[in-house]
2 protein chains.
Amino acid sequence: MGIENLMEPSNIKWISSPGPDSDIVISSRVRLARNINDIPFPHLLPEQEAKTIIKNVHETLRADANLGQNIELYNMAELPEEHKILLSEMHLISPDLASSKNGAVIVNQDETISIMINEEDHLRIQVMLPGLQLDEAFKEIDKIDDLLEAKLDFAFDEKIGYLTACPTNVGTGMRASVMMHLPVLTMMDQMGQIFATISQVGLVVRGIYGEGSQAKGNLYQISNQITLGKSEEDIIQNVMGVTRQILMSERKIRENLSGEARVRLEDRILRSYGILTNAKIISSQEALAYISDVKLGVDMGIIKDLEPLVLNSLFITTGPAYIQGISNTEMSPVERDLYRADFIRQKIRK
Amino acid sequence: MGIENLMEPSNIKWISSPGPDSDIVISSRVRLARNINDIPFPHLLPEQEAKTIIKNVHETLRADANLGQNIELYNMAELPEEHKILLSEMHLISPDLASSKNGAVIVNQDETISIMINEEDHLRIQVMLPGLQLDEAFKEIDKIDDLLEAKLDFAFDEKIGYLTACPTNVGTGMRASVMMHLPVLTMMDQMGQIFATISQVGLVVRGIYGEGSQAKGNLYQISNQITLGKSEEDIIQNVMGVTRQILMSERKIRENLSGEARVRLEDRILRSYGILTNAKIISSQEALAYISDVKLGVDMGIIKDLEPLVLNSLFITTGPAYIQGISNTEMSPVERDLYRADFIRQKIRK
């Protein structure tokens, strides 16, 4: 299993499989920050010790009956630049890890699990699932955490919990987040109020691509800001509850659209469909906006006979590094924009 | 034959029939200004005398074996506002005639001939033909001129020629013009230079919809500015010669487009096609721009299986009054924009 395998779109389980409410909640993600006792944090860690951590984590996971056969280790120092950008586009590593020389990542075959090693913390364990299933993601990550904790001595304080490089992660070391597609709330200028309301319950919302109201593709990440003083279960339930409220607002406002407002939206959606099915050249940023419109059209029943999950996948598979990867040739930006337009046409033409 | 008959798109011969070079030269038009001797110009003309002119012109034409059965007289005072706007959109009357209470127009069945009565001059005779055939249009208009001159005493001075209300028309009283579709010269910012060059040979170019470089639909009218001191034949040959030069420039620049410039143009054309075949609501101004792109696509072979003349017709048949007319119901602007989008989709979807 190499990078090529990761790039098979049907393998990206967290975005190409159905999940609860996956029309609006694209994916759920839980991440744990963990560090090994009595070893310096990664930014002060000698290369040899960094390698030892990678080796220990890898061996522990390889020894597991379930995970063992399905994982791959990628050392950042050995990866070509384009593969690092690809892993970052696929939400499997952070840009910080990509630029660290002692970093590594372990990814499972369906890309639901990623374990970054020697990023800001020794370990950043992540589980991503399609739709709204933070609770399921937590169950899965808890098992991996137990598996690793049985072999590695995690830095833990009885009073405050897990110790982390940055104090904002101390305690549970957990970040629970969902990726939501909120085109109609965005169109109706409701996101500003949601940003404000959400921060009062200790959550934060940001655009996946670009901040705030400039969010490209109308994709937002909602996550907990506080990791200390709350149990993991409370955090999960808090994020899920707020997500359900936003989800219902988006649904309701879609259903209640009528008259000229609805006609104007249908027009925008259908034009975007016309552009995506005909354009010869398209940038990834521009594609995001049209994919968002077409996805909304499919979800609202305005565009028929198109598989909704195809649109979810396109959010990821139209990224520059992904397009570069599937084309299997070195391309200039213009060539990539040509290839992307062709790729999208093939995916969504009925 | 009433207004409804005029609105049958296949009857608009000057735009829906093939003609020489009608890919780029949409139509050719010759217009003659004529006035009756010893009668005040229309702006000073008593109602009764105005009516007499209308009657005399109408009777003269009705008596002709060829034209007699194929013409219809419309008195402006009796026409509803929307029908006047329609005739204006169809290039059969001027806005000035529409607002004159003593004005009338005689139109033949295929809309190639229009004779405005009591506009600025007593008579404004117009012949329009598809493609580049100013010479043919002149032959036709010359016959009508002879027919009328045999019965009516035209104001004519041996030295200076036909007398007209405005001195800019004195002499031949003739304006010869072509309507050209010049999207690539426009895109390449060449129109400014053409404007300048053309004025040196006594011609003038202006946008059909909007002036100068803002020309909507990339449609331009090229016509003679001088009516005095030149023969009719010289004027016709001058306009035809310059038209052929511009035509060749537009053709050459299309053929020579290559590399990224061509790809970007193909992309624009295909997106416009995607929008026109999918939009649910569209204004006439916006439609003009996309129709221009799609027409260019058809003419360049980028869009196949679409009848080129359908696009030429759409330049006229997407106008607000035309859309209002074919829908046969009273519509708000939004309803009209919905109807227009639907009408265009039906015409160009393969």
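Residues numbered from 1 in each chain as written. Chains lettered and ligands numbered in written order. Predicted model: local features only at pLDDT ≥ 70, side-chain atom pairs only at ≥ 80, totals over all residues. Heavy atoms only, no water.

### Observations concerning the sheet that holds strand E9 (residues 203–207) of chain B
Residues and elements named next belong to chain B.
So, step 1. Strand order in the open sheet formed by eight strands is E2-E3-E4-E5-E1-E8-E10-E9, with antiparallel pairing between adjacent strands. Of all the strands in the sheet, just strand E2 (71–75) and E9 have a single pairing partner and so form its edges. Between one strand axis and the next, the sheet turns through 20 degrees on average, direction left out of account.
So, step 2. In this sheet, strand E4 (residues 113–117) lies alongside strand E3 (residues 104–108) in antiparallel orientation, the contact comprising four bridges. Its bridge partner lying in E4, Ala104 is registered against Ile117.
So, step 3. Sheet strands touched by helix H6 (residues 134–149): strand E1 (25–34), E4, strand E5 (123–130) and strand E8 (174–181). Its angle to E5, the strand with the most contacts, is close to 150 degrees. (Pairing = 2+ DSSP bridges. Helix = DSSP H or I, 4+ residues; strand = E, 2+ residues; numbered from the N terminus. Axes fitted to C-alpha atoms, helices over the stretch in contact; angles between N-to-C directions. Contact = heavy atoms within 4.5 Å.)

### Re the relation of the copies chain A and chain B
So, step 1. After a rotation of 180 degrees and a shift along the axis of 0.1 Å, chain A superposes on chain B with an RMSD of 0.0 Å. Here the copies are linked by what is in effect a two-fold axis. Closest approach to the rotation axis among the C-alpha atoms of chain A is made by Gly274 of chain A, whose C-alpha sits 1.9 Å away.
So, step 2. Take the interface residues of chain A: 100% of them recur as interface residues in chain B, which is what a same-surface contact looks like. (Least-squares fit on C-alpha atoms with pLDDT ≥ 70 in both.)

### Overview of the interface of chain A and chain B
So, step 1. In this assembly, 19 residues from chain A lie in contact with 19 residues from chain B.
So, step 2. Buried area between chain A and chain B, summed over both chains or domains, comes out near 1700 Å², and the portion from carbon and sulfur atoms is 61%.
So, step 3. Where chain A touches chain B, the interface holds four salt bridges.
So, step 4. In this assembly, chain A and chain B are joined by ten residue pairs in polar contact (both at pLDDT 80 or more).
So, step 5. Looking at which element gives the most residues to the side of chain A that touches chain B, the answer is helix H10 (residues 259–276) of chain A, with ten residues.
So, step 6. Here the side of chain A that touches chain B is built from residues that sort into ten nonpolar, two polar and seven charged. (Buried area = accessible area lost by both parts, 1.4 Å probe. Salt bridge = Lys/Arg side-chain N within 4 Å of Asp/Glu carboxyl O. Polar contact = N/O pair within 3.5 Å; in protein donor to acceptor, adjacent residues only side chain to side chain. Nonpolar A, V, L, I, M, F, W, Y, C, P; charged D, E, K, R; others polar.)

### Overview of the packing of aromatic side chains
So, step 1. Throughout the structure, instances matching the rule amount to six aromatic pairs over all chains.
So, step 2. Residues Phe154 of chain B and Tyr162 of chain B carry aromatic rings whose centres are separated by 6.5 Å and whose planes lie at 75 degrees to one another, so their mutual orientation is edge-to-face. Comparing Phe154 of chain B with Tyr162 of chain B, the two get one shared label, buried.
So, step 3. Ring plane angle 90 degrees and centroid distance 6.4 Å describe the contact between Phe195 of chain B and Tyr220 of chain B, whose orientation is recorded as edge-to-face. Placement of the pair is Phe195 of chain B in helix H8 (residues 191–199) and Tyr220 of chain B in strand E10 (residues 219–224), with a sequence separation of 25 residues.
So, step 4. Residue class for Phe195 of chain B comes out partly exposed when judged on its relative accessible area of 24%.
So, step 5. Owing to a relative accessible area of 0%, Tyr220 of chain B belongs among the buried residues under this scheme.
So, step 6. The residue whose ring lies beneath Arg34 of chain A is Tyr162 of chain A, and the NZ or CZ to ring-centre distance is 3.5 Å. (Phe/Tyr/Trp six-rings, centres within 6.5 Å; stacked < 30°, edge-to-face > 60°. Buried < 20%, exposed > 50% of the residue type's maximum accessible area, 1.4 Å probe, protein only. Lys NZ or Arg CZ within 6 Å of the ring centre and 35° of its normal.)

### Concerning H6 of chain B
All names here are of chain B.
So, step 1. For H6, with 16 residues, the first-to-last C-alpha span of 21 Å sits near the 22 Å given by 1.5 Å per residue.
So, step 2. Restricting attention to buried positions, one finds in H6 the residues Leu134, Ala137, Phe138, Ile141, Ile144, Asp145 and Leu148. Along the long axis of H6, the arc covered by the buried residues comes to 130 degrees, so they all point the same way. Exposed residues pointing more than 90 degrees away from the buried face of H6 are listed as Lys139 and Lys143. (Expected span 1.5 Å × (residues − 1). Arc of directions from axis to C-beta.)

### Here we look at a nonpolar patch on the surface
Residues and elements named next belong to chain A.
So, step 1. A contiguous nonpolar patch, built from Ile160, Leu163, Ile226 and Leu228 and spanning about 320 Å² of accessible area, is present on the exposed surface.
So, step 2. Among the structural elements, Ile160 can be located in the loop between strand E6 (156–157) and strand E7 (161–162).
So, step 3. Taking the relative accessible area as the measure of exposure, Ile160 reaches 39% and is therefore partly exposed. (Patch = residues over 30% accessible without salt bridge, like charges linked within 9 Å, V, L, I, M, F, W, Y side chains within 5 Å. Areas by Shrake-Rupley, 256 points an atom, 1.4 Å probe, with all protein chains shown as cover.)

### Remarks on the domain arrangement of chain A
Many authors give the size of an interface as the accessible area that is lost as the parts come together.
All names here are of chain A.
So, step 1. The domain architecture assigned to chain A consists of domain 1 (3–254) and domain 2 (259–349).
So, step 2. The straight-line distance from the C-alpha centre of domain 1 to that of domain 2 is 26 Å.
So, step 3. If you look at the interface, domain 1 gives 28 residues, while domain 2 gives 22 residues.
So, step 4. Both sides of the domain 1 and domain 2 interface together cover about 2200 Å² of buried area, and 67% of this is carbon and sulfur.
So, step 5. In this assembly, domain 1 and domain 2 are joined by zero salt bridges. (Domains from an automatic or database assignment.)

### Examining the nonpolar core
Soluble globular proteins tend to pack their nonpolar side chains together in the buried interior.
So, step 1. Ranked by internal contacts, the top residues of the largest apolar core, which has 222 residues, are Val57 and Ile115 of chain A together with Val57 and Ile115 of chain B.
So, step 2. With near-sequence residues (within four places) excluded, Val57 of chain A lies in contact with Ile106, Ile115, Ile117, Leu123, Leu148 and Leu152 of chain A. (Core = buried A, V, L, I, M, F, W, Y, C linked by side-chain atoms within 4.5 Å.)

### Side note on the sheet that holds strand E3 (residues 104–108) of chain A
Strand pairing in a sheet relies on backbone hydrogen bonds, with the paired strands running either antiparallel or parallel.
All names here are of chain A.
So, step 1. Pairing within the open sheet is antiparallel, and its eight strands lie in the order E2-E3-E4-E5-E1-E8-E10-E9. This sheet does not close on itself; its edge strands, each paired only once, are strand E2 (71–75) and strand E9 (203–207). Within the sheet, the average angular offset between the axes of one strand and its neighbour, ignoring direction, is 20 degrees.
So, step 2. Where helix H8 (residues 191–199) meets the sheet, it contacts E9 and strand E10 (219–224), and its direction lies at approximately 150 degrees from that of E9.

### A look at the side chain of Gln126 of chain A
Residue and element names in this part refer to chain A.
So, step 1. Locating Gln126 in the fold gives a position in strand E5 (residues 123–130).
So, step 2. Judged by relative accessible area, which is 6%, Gln126 ranks as buried.
So, step 3. A polar atom in the side chain of Gln126 sits 2.6 Å from the side chain of Arg29.

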